[in-house]
Amino acid sequence: MANALGMYRTVKRLGIPDSNIILMLADDASCNSRNKFPGSVYANPGRHLDLYGENIEVDYRGYEVTVENFIRVLTGRMDPSVPRSKRLLSDERSNIFVYMTGHGGNEFLKFQDNEEISAFDIADAFEQMYQKKRYNEIFFMIDTCQANTMFSKLYSPNILATGSSGLGENSYSHANDNDIGVAVIDAFTHYVLEFMEEINKTSTVSMQELFNSIDVTKINSHPGVRSDLFSRPLDKTRITDFFGGVAQVEILPPAEPLVASEEEPEPEHRATFHPPARLVKSESSIASWLKEQKTLRSWASVSLLAAGVGWVLSKK
Amino acid sequence: MLLGYRLIWPATLLHLCLAVLGSQSELFTEKLTINSLQDGKVASKFTFTALLKGASPRDPKTLDGEDESQHYTLFPLALGQILREYGVTELHLTLNAGNWNYDRWGYPGESGVGTGAELWAWMGDGASKTVDERWKGLRNALAGLFCASLGSLDELRTTSPAESFVPEGSLPRWDAAHQIRHASLPSEHVCTENLTPFLKLLPCKSLSGIASLLNPHRLFDADWHGMGVHVLWHEGEGVEVRLTFQAVSDPLRSLLGKKQDWSFQSLYDRTIHRACPVAQSSEVVVSLPTNAVYAIQPEPHAVERNLAVYDVNTIDKPLNIRLIWPDPFTYPLEYHSDSTPFSVKRMLRGSSQAWGQLSVVITNHRSTEVKTLYLETMPWLVQFYLHTIQTRVNGVIKDGVFSNLTYIPSVPHSRPTTFQVLLTLPPKSTVEITMEVTKAFLRYTEHPPDAQRGWDLPPAVFTPVEVMENGSSSPPLMGRIYSSTLLVDLATPDFSMPYNVIIFTCSVVAFSFGSIFNLLTRKFAVLRFPPDNAQ
């Protein structure tokens, strides 16, 4: 939980407003009556910095944090009454930073200790986002055991991915707080956040420098970077392209009637309202198609079985 | 030039503030009430009221058309938009953590103290969208605004108990009748992410005035805490939004001296440095102890009937009110509860996962007969057997306690039970109601991720009423009384069972198919070796 809150604090510090951040927290650790420090979550043993703070907006919490809701957020297939704060209102000029953490394994990540999201699910969701023009570039970061397997199945363009550990490796936690009695943060996230503390909105530090800063001996696992889908060189890609809300003014030629000041693409932004009717329709058609496919599959399996039995009989 | 601009800005702002105060179309008042309780705890209640004068709720018939523009200066726009979008006349949302102890703490300042989230709204009918559609939109919109899981207050939890939840304001006389929708989610917790949007609705945020005391780290440390949003319409006055926050803090927990002393600094870890300039009135009311020696600092502006009143707008800042007792606190041997007519205990008995017994024990402390409405809005997870109801008065089975029973049975997987009855509690007696219940057997996918924890059941609601001669019940004497919530343990499957079944079936199929296939495709032949080779 401190991992995700640390990232939340960092992107918020770098200028991204709460309306552009979708924070999903399955635990209520901060206000749980068993928390010795109510309303607080700490990421370091000395408890210097309260990550929960006094100004936080959690968009999905508790039982709402499910694989289904996560994929719905990414792909934008939502009920029309879902409020804007729970939607990813992005378009083809938005840069999106996706950070996931939890318990995982080879090509899966657990949600709520109950269900899993697989590497294929994420890859397909990103592809759907690409086809729907919901992003310009995605930076996908994951901190879990065998994290690098999670981005191995991605196939959509303009995605940069990084993970904390390779196949067969564990991701280790970083520090224990003896008063709280648990490890407070994971090593990979800790060193990423430590690096990010040096960054401000005007920084020109590149992604390559972030990846180079991670020391394998300190985190006890081999972080992975996947940039083959990404079109820009990493040493020319600024960290603030994904972590910061940096406003830039574009001056359009005077032929245009309006001079628009556009914000540079930034994570999770921009209101593109898909007409709700269309959304509902597409969902129901998918459902009926799935149903058809299901009957088709069941008949196919029956015929396959029949063919197998026939083959055995004929052999005899 | 630059200096000139610097001076102009505050002047303009001041002018704007004065204009707001002068216009009087919107009124904002804030109030903090602090009570010392019998058991040494301190109850504080923050109330922020914004009144939109002359406004009226939106008639649902006009929902399809263009709405009038909304220009508010003090009234929260984010909430106003939701109210007008869904044509809501009256709305009450509370998010609480903990059990309100009526016997020790008395009746709360705000009546909605049920554990978890509770939302109820009165909406006019007659729109092209039904009340249920708008109710769904409303709870989703509020879920987004207050960062709570109110979207889960779905039709599995929605009831329409009109008698127990009478409107607190007035309802406009439109052609179509008003309808109520009520739902509660006892497992919902309240935390900083709920307080953040709450503070954003206030005109001064948490920067000045009484709201600057709302420090999440101390409030969520309190023994009981809860926030509420109430929207009502007063005929002839306008639409009122009342935002409340209540907390029960324990000064005895932190101090080593075992004294009941408190101050703003000790309760909230903050003091008031500035007054909220747009607040019409901003006052702190401290109820003073009646039969003890105490000292209060600073000197209050007025003392009326053992209530000390401070006007935050005029008093010297920083304001840190302190109440000091010279003597250490001694716990009373017996608690007296004058403000609540009866106390309630509710239990779910039985160790079985298939059935149980619901038991409600109500003790009437008064020497007069008390009539009260008893309401259960139970999700279908627990189903009642009404024929097994038994009422005992002081341990003796007795009829005549029940009257005016309303019962809407639950429908599995879709509708909760609504069970409402008028109880007549004899003077100075204990009434026990028992009823057999069955516990539902859920589908595999209906279980929450932490299924073994059990399901929280909403509190029962008691509304004391006075019954008229003609049999109709008058508006309640006082607010509702909530019982504690219950936790029901339903039969949970072994969640790894499907995997075991798949693995086991696959093994059986592979084994049988393999061996049958082997048997069928192999050609068996008897080989005879020549006898001389055998040697």
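Identification of chain B as GPI transamidase component PIG-T from Agrocybe chaxingu is taken from an unreviewed UniProt entry.

Labelled according to an unreviewed UniProt entry, chain A appears under the name GPI-anchor transamidase, originating from Agrocybe chaxingu. Quoted straight from UniProt, the Pathway (unreviewed entry) entry for chain A says "Glycolipid biosynthesis; glycosylphosphatidylinositol-anchor biosynthesis."

Novice: Looking at this structure, how should I read the interface of chain B and chain A?
Specialist: The accessible area lost on association of the parts is a frequent measure of interface size. Counting residues at the interface gives 29 residues for chain B, matched by 28 residues for chain A. Taking both partners together, chain B and chain A bury about 2600 Å²; carbon and sulfur atoms supply 55% of that area. Looking only at chain B, the three residues that lose the most surface to chain A are B:Glu193, B:His217 and B:Pro449, adding up to 22% of its buried area. Inspection of the region where chain B meets chain A yields five salt bridges. We note a salt bridge from B:Lys200 to A:Glu57, for which the minimum N-O separation is 2.7 Å. Here chain B is connected to chain A by 15 residue pairs in polar contact (both at pLDDT 80 or more). Secondary-structure elements contributing two or more residues to the side of chain B that touches chain A are α4 (131-146), α5 (192-200), α6 (216-219) and α9 (497-521) of chain B. Sort the elements by how many residues they give to the side of chain B that touches chain A and α4(B) lands first, with six residues. Class assignment for the residues of the side of chain B that touches chain A results in 12 nonpolar, 10 polar and seven charged.

Novice: Is there a simple way to think about the nonpolar core in this case?
Specialist: The tendency in soluble globular proteins is for nonpolar side chains to be buried as a group. Counting residues in each nonpolar core, the largest one holds 122 residues, and the members touching the most others are A:Phe243, B:Phe48, B:Phe245, B:Phe264 and B:Val286. When residues in this core are grouped by element, the largest group, eight residues, is from α4(B). B:Phe245 has contacts with B:Ser44, B:Lys45, B:Phe46, B:Leu195, B:Phe198, B:Leu214, B:Leu219, B:Phe220, B:His225, B:Gly226 and B:Met227, leaving out every residue within four places of it along the chain. In terms of nonpolar packing, the next biggest core, distinct from the first, is built from 46 residues, B:Trp122, B:Ile362, B:Leu425 and B:Leu486 among them.

Novice: I keep staring at the domain arrangement of chain B and nothing clicks. Help me out?
Specialist: Residue and element names in this part refer to chain B. As assigned here, chain B comprises domain 1 (24-324), domain 2 (342-488) and domain 3 (496-522). Between domain 1 and domain 2, the C-alpha centre-to-centre distance is 28 Å. Contact residues are listed per partner, giving 26 residues for domain 1 and 29 residues for domain 2. Regarding the contact of domain 1 and domain 2, the summed buried area is about 2100 Å², with carbon and sulfur atoms giving 59% of it. Among the residues domain 1 hides against domain 2, the three largest losses belong to Tyr107, Leu156 and Ser164. Together they make up 25% of the total. Joining domain 1 to domain 2, the criterion identifies zero salt bridges.

Novice: Explanation requested: the sheet that holds strand β9 (residues 281-287) of chain B in the structure shown.
Specialist: Pairing between the strands of a sheet comes from backbone hydrogen bonds, and it takes one of two forms, parallel or antiparallel. All names here are of chain B. Across the sheet, 10 strands lie side by side as β5-β4-β3-β6-β7-β2-β1-β9-β12-β11; this open sheet has mixed pairing. Whereas interior strands pair on both sides, the edge strands pair on one side only; in this sheet they are β5 (178-185) and β11 (302-304). This sheet shows a mean twist of 15° between the axes of neighbouring strands, independent of strand direction. Pairing between strand β6 (residues 224-234) and strand β7 (residues 238-249): 11 bridges, direction antiparallel. Directly across from His225, in β7, lies its bridge partner Ala247. Strand contacts of helix α2 (residues 77-85): β3 (88-97), β6 and β7, with the helix running at about 55° to β6, the strand carrying the most contacts. Each of β3, β4 (116-124), β5 and β6 is contacted by α4, which is oriented at about 135° to β4, the strand it contacts most.

Novice: Honestly, the pattern of salt bridges in this entry has me stumped. Any pointers?
Specialist: A complete count under the given rule lists 35 salt bridges over all chains for this structure. Across the pair A:Glu68 and A:Arg72 runs a salt bridge whose closest N-O atoms are separated by 3.0 Å. Residue A:Glu68 and its partner A:Arg72 are located together in helix α2 (residues 67-75), separated by four residues, close to a single helical turn. Using a relative accessible area of 47% as the deciding quantity, one classes A:Glu68 as partly exposed. Overall, A:Arg72 belongs to the partly exposed group, its relative accessible area being 25%. One network of salt bridges, with partners in common, ties together B:Asp39, B:Lys41, B:Asp221, B:Asp223, B:Asp250 and B:Arg253.

Novice: Just to check I follow, could you spell out the state of the cysteines for this structure?
Specialist: Residue and element names in this part refer to chain B. As enumerated under the stated definition, the model contains two disulfides over all chains in all. A sulfur-sulfur distance of 1.8 Å marks the disulfide that ties Cys204 to Cys276. Looking along the S-S bond of the Cys204-Cys276 disulfide, the torsion reads about 70°, which is the right-handed sense. Taken together, the residues span a long stretch of sequence, with Cys204 in the loop between α5 and α6 and Cys276 in the loop between α8 (264-268) and β9 at a distance of 72 residues. When its relative accessible area of 1% is taken as the criterion, Cys276 is described as buried.

Novice: Even after reading the chapter, I still don't get helix α1 (residues 2-13) of chain A, so can you show me in this structure?
Specialist: Along an α-helix, residues three or four positions apart point the same way, because every turn accommodates 3.6 residues. Residues and elements named next belong to chain A. A rise of 1.5 Å per residue sets the reference length of α1, with its 12 residues, at 16 Å; its end C-alpha atoms lie 16 Å apart and thus fit the reference within 8%. Most of α1 is tucked away: nine of the 12 residues are buried. Listing the buried residues of α1 in full gives Ala2, Asn3, Ala4, Leu5, Gly6, Met7, Tyr8, Thr10 and Val11. Check the buried side of α1 and you find it contacts β1 (24-25), β3 (95-101), β7 (137-143), β10 (182-186), α4 (187-196) and α7 (240-243). Just downstream of α1, Gly15 is the residue with a positive phi angle, here 105°.

Cut-offs applied
Here the residue numbers are simple positions, counted from 1 along each chain's written sequence. By the order in which they are written, chains take letters starting at A while ligands take numbers starting at 1. Local features in this predicted model are restricted to residues of pLDDT 70 or higher, and side-chain atom pairs are both shown and tallied only at a pLDDT of 80 or more, whereas totals for entire chains, interfaces and linings draw on every residue. Heavy atoms from the whole structure form the basis of all side-chain values; hydrogens and water molecules are not counted. UniProt positions are given in the numbering used here, feature names are shortened, and annotations may be inferred rather than shown by experiment. Contact between two residues is taken to exist if any of their heavy atoms lie within 4.5 Å; hydrogens are not considered. Buried surface area refers to the total accessible area, computed with a probe of radius 1.4 Å, that the two partners give up upon joining, counted for both partners together. Only one rule defines a salt bridge in this text: a Lys or Arg side-chain nitrogen within 4 Å of an Asp or Glu carboxyl oxygen. A 3.5 Å cut-off defines polar contacts: any pair of N or O atoms within that distance qualifies, except that in protein one atom must be a possible hydrogen donor and the other a possible acceptor, and neighbouring residues in sequence count only when both atoms are side-chain atoms. Starting at the N terminus, helices and strands are each numbered in turn, a helix being any DSSP run of H or I of at least four residues and a strand any DSSP run of E of at least two. Three classes are used: nonpolar for Ala, Val, Leu, Ile, Met, Phe, Trp, Tyr, Cys and Pro, charged for Asp, Glu, Lys and Arg, and polar for all others, with Gly counted as polar. Take the buried Ala, Val, Leu, Ile, Met, Phe, Trp, Tyr and Cys residues and link them wherever side-chain atoms come within 4.5 Å; each set so joined is a nonpolar core. In this scheme, a residue with accessible area under 20% of its type's maximum is buried, one over 50% is exposed, and one in between is partly exposed, where area comes from a 1.4 Å probe on protein chains only. Where each domain starts and ends comes from a domain assignment, either automatic or drawn from a database. Strands are treated as partners if at least two bridges between them are detected by DSSP. Every angle, taken between N-to-C directions, lies between 0 and 180 degrees, and every axis is a line fitted to C-alpha atoms, over only the stretch in contact when it is a helix. Cysteine sulfur pairs qualify as disulfides if the two atoms are within 2.5 Å. Take the residue count of a helix, subtract one, and multiply by 1.5 Å to get its expected span.

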